[in-house]
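So you can see what is in the structure, the chains are spelled out below.
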Amino acid sequence: MKSPVHLNALRAFEASARHRSFAAAAAELHVTPAAVGQLVRTLEDSLGVTLFHRTASGRVRLVPTDAAERALPDIRAGFDRLTLGLERLREESTSGMLTVAVSPAFAAKWLLPRIERFQAAWPDTDVRLDTNLKPVDFVALGVDIGVRYGTGRWPGLSAVKLMDEEVYPVCSPKLLHRRGRLQTPESLARETLIHDLSMDAATGFPTWDMWLQKAGVTGVATMRGMKINNSAAVLQAAIDGHGIALARSVMAGDDLATGRLVRLFAGITFASPLAYYVVYRADGASLPKLAAFRDWLLDEAAAAHGKRRF
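The rules behind each value
Residues numbered from 1 in each chain as written. Predicted model: local features only at pLDDT ≥ 70, side-chain atom pairs only at ≥ 80, totals over all residues. Heavy atoms only, no water. Helix = DSSP H or I, 4+ residues; strand = E, 2+ residues; numbered from the N terminus. Rg over C-alpha atoms; globule rule 2.2 N^0.38 Å. Buried < 20%, exposed > 50% of the residue type's maximum accessible area, 1.4 Å probe, protein only. Contact = heavy atoms within 4.5 Å. Areas by Shrake-Rupley, 256 points an atom, 1.4 Å probe, with all protein chains shown as cover. Lys, Arg positive; Asp, Glu negative; His and termini not counted. Charge placed at Lys NZ, Arg CZ, Asp CG, Glu CD. Expected span 1.5 Å × (residues − 1). 1 Å grid on protein atoms, 1.4 Å probe; cavity = no way out; pocket = protein on both sides within 12 Å on 5 of 7 lines; lining within 4 Å. Points joined across faces, edges and corners; volume = space filled by probe spheres on them. Nonpolar A, V, L, I, M, F, W, Y, C, P; charged D, E, K, R; others polar. Pairing = 2+ DSSP bridges. pLDDT = per-residue confidence, 0-100. Phe/Tyr/Trp six-rings, centres within 6.5 Å; stacked < 30°, edge-to-face > 60°. Axes fitted to C-alpha atoms, helices over the stretch in contact; angles between N-to-C directions.

Peer 1: What should I look at first to understand the overall build of the chain in this one?
Peer 2: Along the backbone of the chain there are 12 helices and 12 strands. The C-alpha atoms of the chain give 29 Å as radius of gyration, which overshoots the globular expectation for 310 residues (19 Å, by more than 25%). Dimensions along the principal axes, computed over C-alpha positions, put the chain at roughly 90 × 45 × 30 Å. Across the 310 residues that make up the chain, the buried fraction comes to 42%. Considering only residue pairs separated by 6 or more positions, the chain has 74% of its internal contacts joining residues 24 or more positions apart. For the chain, the computed accessible surface area is about 16800 Å², with 54% contributed by carbon and sulfur atoms. Counting 38 positive and 32 negative side-chain charges, the chain places the centres of these two groups 3 Å from one another.

This is how it looks when you write it as structure tokens:
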């Protein structure tokens, strides 16, 4: 099949037909109106077909002919396919932009403290973080890869488990020393509980009621306390001494390591029914930028848990 050789002329023709104006088409294409007009005339001469009815007055100076109107849908579809083809070529490179979708809390407490290591290993890849509390449409927003917390099943996405998680109560060292009475889980009945509302309870997201049931504790008024819809802010409230938070181990790891938080009742373990997953569209799994970031995430998670990934 013979390829068209007048791509610039076709672009000028399509833009002029859409705007009904050489001047408006020129502004879009960053050339002069005279240049657009010349390209269109060159295309007409080459094809032996008139593409526009030109008028000397009136609001609309250009009106596509019947032949032009019939051809425009195919020409526009062709440009769309060309654009898609160029995007496919760009995707095969490790340079350029990689859009990563994560929750604000995961970005703040886990990803951002580590992202410098990815940037050092892949300096030609620019990471753009799309932070949302709710899952986003990867196709509509041009997202390449993300990290989600849940059961591992999201329609239209491939999911690879990144990290399991445990939940446990934490507080600031000052609050622990000031109270001096947080010896048993029953003592929580006298404390302000900080609740994480960042996910719908219907998903199985761990709650104070679930943890207290596992600990065999009754009589704690879990309907009261401080309620926050961001896991990072939950931990910050605990760091600031506002109460006892039910922490997620992935989020709280650095704060515990630095002594900003103290874990309470370490003998009681509660594994979250949810986990962190690296997610991406199945058709992009082999793209170099995506594969590099996915493998880096898995390596970082393994290192954080003292494991090697093979």
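From this point on, the discussion continues.
Peer 1: How should helix H1 (residues 7–19) be read in this particular structure?
Peer 2: Helical geometry note: an α-helix holds 3.6 residues per turn, so side chains three or four residues apart project in the same direction. In this model H1 runs 18 Å from its N-terminal to its C-terminal C-alpha over 13 residues, within 8% of the 18 Å that 1.5 Å per residue would give. When we look at burial in H1, the residues that qualify are Ala-9, Leu-10, Ala-12, Phe-13, Glu-14, Ala-15, Ser-16 and Ala-17. Just downstream of H1, Arg-20 is the residue with a positive phi angle, here 60 degrees.

Peer 1: Help me understand the layout of surface pockets, please; the structure alone is not making it clear to me.
Peer 2: Any space left empty among the atoms is revealed by the rolling of a water-sized probe across them. In this structure, the largest pocket spans a volume of roughly 520 Å³. Every residue lining the largest pocket is counted, 29 residues in all, and those nearest its centre are Leu-133, Pro-135, Arg-148, Tyr-149 and Met-199. Elements that contribute at least two residues to the lining of the largest pocket include exactly strand S3 (96–102), helix H5 (104–111) and strand S5 (145–150). The leading source of residues in the lining of the largest pocket is S5, at five residues. Looking at the lining of the largest pocket residue by residue, the classes come out as 15 nonpolar, eight polar and six charged.

Peer 1: When you look at the pairing of strand S7 (residues 167–171) in this model, what are you seeing that I'm missing?
Peer 2: Within a regular beta strand, the side chains point alternately toward one face of the sheet and then the other, so they alternate between its two faces. Of all five residues that make up S7, five are buried, and the element is covered over most of its length. The side-chain alternation of S7 yields two buried faces, one formed by Val-167, Pro-169 and Cys-171 and the other by Tyr-168 and Val-170. Sheet topology places S7 next to strand S10 (residues 244–248); four bridges connect them, and they run antiparallel. Each residue of the ladder has a partner; that of Pro-169, found in S10, is Leu-246.

Peer 1: Sorry, what's going on with the confidence of the model for the chain here?
Peer 2: Per-residue pLDDT for the chain has a mean of 89; in total, 93% of the residues score no lower than 70. Confidence, read as mean pLDDT per element, is least for helix H4 (residues 66–91) in the chain (82) and greatest for S7 (97).

Peer 1: Just checking my understanding: could you explain the side chain of Ser-16 for this structure?
Peer 2: Structurally, Ser-16 is set in helix H1. If near-sequence neighbours (up to four positions away) are discounted, Ser-16 is found in contact with Ser-21, Phe-22, Ala-25, Val-36, Val-40, Phe-52 and Leu-62.

Peer 1: Please clarify how the packing of aromatic side chains should be interpreted in this entry.
Peer 2: Given two aromatic rings, one states the distance between the centres and the angle between the planes to describe the pair. Following the criterion strictly, the structure yields 12 aromatic pairs and no others. Measuring from ring centre to ring centre gives 6.2 Å for Phe-22 and Phe-52, while their planes differ by 90 degrees; the resulting arrangement is edge-to-face. Within this pair, whereas Phe-22 is found in helix H2 (residues 22–29), its partner Phe-52 is found in strand S1 (residues 52–54), the two being separated by 30 residues in sequence. For Phe-22, a relative accessible area of 17% corresponds to the buried category. Judged by relative accessible area, which is 2%, Phe-52 ranks as buried. Aromatic pair Trp-154 and Tyr-277: ring centres 5.7 Å apart, planes at 70 degrees, arrangement edge-to-face. Linking Trp-154 in the loop between S5 and strand S6 (158–163) with Tyr-277 in strand S12 (residues 275–280), this pair joins segments that are 123 residues apart in sequence.

Peer 1: Any chance you could explain the sheet that holds S10 here in plain terms?
Peer 2: Read from one edge of the open sheet, five strands run S9-S8-S10-S7-S11, paired in mixed fashion. Each edge of the open sheet is held by one strand with a lone partner, namely strand S9 (226–228) and strand S11 (262–263). As paired elements, S7 and S11 share two bridges and run antiparallel to each other. When the sheet's bridge partners are listed, Val-170 is paired in S11 with Arg-263. Contacting S7, S10 and S11, helix H11 (residues 249–257) runs over the sheet at an angle of about 115 degrees to S10.

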